[in-house]
Amino acid sequence: MTNSPELPKYKFVENVQSKVGKENVEDFYIGIKALTMFETHFNEFVSRFDRYIEILKFYWSHRDNEVYKDLTAYVDLLLVHIRAMCIENERYGDNYTAQNFLESIGRKDLAENINNVLSKGFWANQDEGSLSVRESIKICSDKYICHHDSININDHTEIETTFARLNNPMFKHNMEYICTQIIKNISSGFAHLRELNFKNP
């Protein structure tokens, strides 16, 4: 994988480029640019998640309030990443989402894995019977981080509790679990892409 904004140097890119007609070249490059941008955002997500885990472990070892401020900042970052990368409206098939990327390379199974994680119950610490992981992330990102909506005391309490549970290692569907599952499936998608590239030199 690459963090470069340049077009990725996959062999299949050259193959397709040599075969597509002039009328398809623009669409082809738009697709490659989308892949490159998605890969860049994914690498940023992984890097920030790694740093989040470092801060999380330090916080639970020292219970330092100043460290908790850094932890909260990284939770904000990760929630925004997940919201943008995995929880866009399914009606828009051209969004740069993880699910669209995975389906576009023939790995609908990996896209479904991510959707299954997001559909799990969040509040009740179980798979069913509570607000879903997807709904909890949307509430935090849409009402508190990306937009400062007018919220009542119950909404505010719900958001605070969500943040606390995301950072709690004893909580089943915490931030570490959610991010690890997303990263695992997207990484499998890129591995599949490299395998296709290898098979079609």
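Residues numbered from 1 in each chain as written. Predicted model: local features only at pLDDT ≥ 70, side-chain atom pairs only at ≥ 80, totals over all residues. Heavy atoms only, no water.

> So what's going on with unusual backbone geometry? Which residues, and what values?
The residue R63 is not glycine, and still its phi comes out positive at about 50°. Under the relative-accessibility criterion, R63 is labelled exposed at 53%. (Buried < 20%, exposed > 50% of the residue type's maximum accessible area, 1.4 Å probe, protein only.)

> Could you give an account of the environment of Y144, naming the residues involved and the relevant values?
In this fold, Y144 is placed in helix 6 (residues 133-145). When its relative accessible area of 38% is taken as the criterion, Y144 is described as partly exposed. For Y144, the contacting residues outside a window of four places in its chain are I139, I159 and F163. (Helix = DSSP H or I, 4+ residues; strand = E, 2+ residues; numbered from the N terminus. Contact = heavy atoms within 4.5 Å.)

> Outline the side chain of H173, supporting the account with residue identities and numerical values.
Relative to the assigned elements, H173 resides in the loop between helix 7 (153-166) and helix 8 (175-199). Classification of H173 by relative accessible area gives buried; the value is 0%. Here the side chain of H173 touches G121 through a polar contact of 2.6 Å, landing on its backbone oxygen. (Polar contact = N/O pair within 3.5 Å; in protein donor to acceptor, adjacent residues only side chain to side chain.)

> Pulling in residues and values, what's your account of the nonpolar core?
Membership of the largest hydrophobic core comes to 45 residues, with the highest contact counts inside it found for I82 and I186. Of all the secondary structure elements, the ones that give two or more residues to this core are helix 2 (22-62), helix 3 (65-86), helix 4 (98-104), helix 5 (108-119), helix 6, helix 7 and helix 8. Setting aside chain neighbours within four positions, we find I82 in contact with F45, I87, L118, I137, M175, I178, C179 and I182. (Core = buried A, V, L, I, M, F, W, Y, C linked by side-chain atoms within 4.5 Å.)

> I'd love a proper account of the pattern of salt bridges, names of residues and values included.
Taken as a whole and judged by the stated rule, the model has 4 salt bridges. Between R51 and E54 there is a salt bridge whose closest N-O contact spans 2.9 Å. Of this pair, R51 and E54 are both found in helix 2, 3 residues apart, which corresponds to roughly one turn of the helix. Among the salt bridges present, the one from K69 reaches E66, with a minimum N-O distance of 3.2 Å. Of this pair, K69 and E66 both sit in helix 3, 3 residues apart, which is roughly one turn of the helix. E66 shares its class with K69; the two are exposed. (Salt bridge = Lys/Arg side-chain N within 4 Å of Asp/Glu carboxyl O.)

> For the side chain of N174, give the residues involved together with the corresponding values.
You can see N174 is positioned in the loop between helix 7 and helix 8. Its relative accessible area of 7% is what places N174 among the buried residues. Only 3.0 Å separates the side chain of N174 from the backbone oxygen of N168, close enough to count as a polar contact. Polar side-chain contacts of N174 include one of 3.1 Å to the backbone oxygen of F171.

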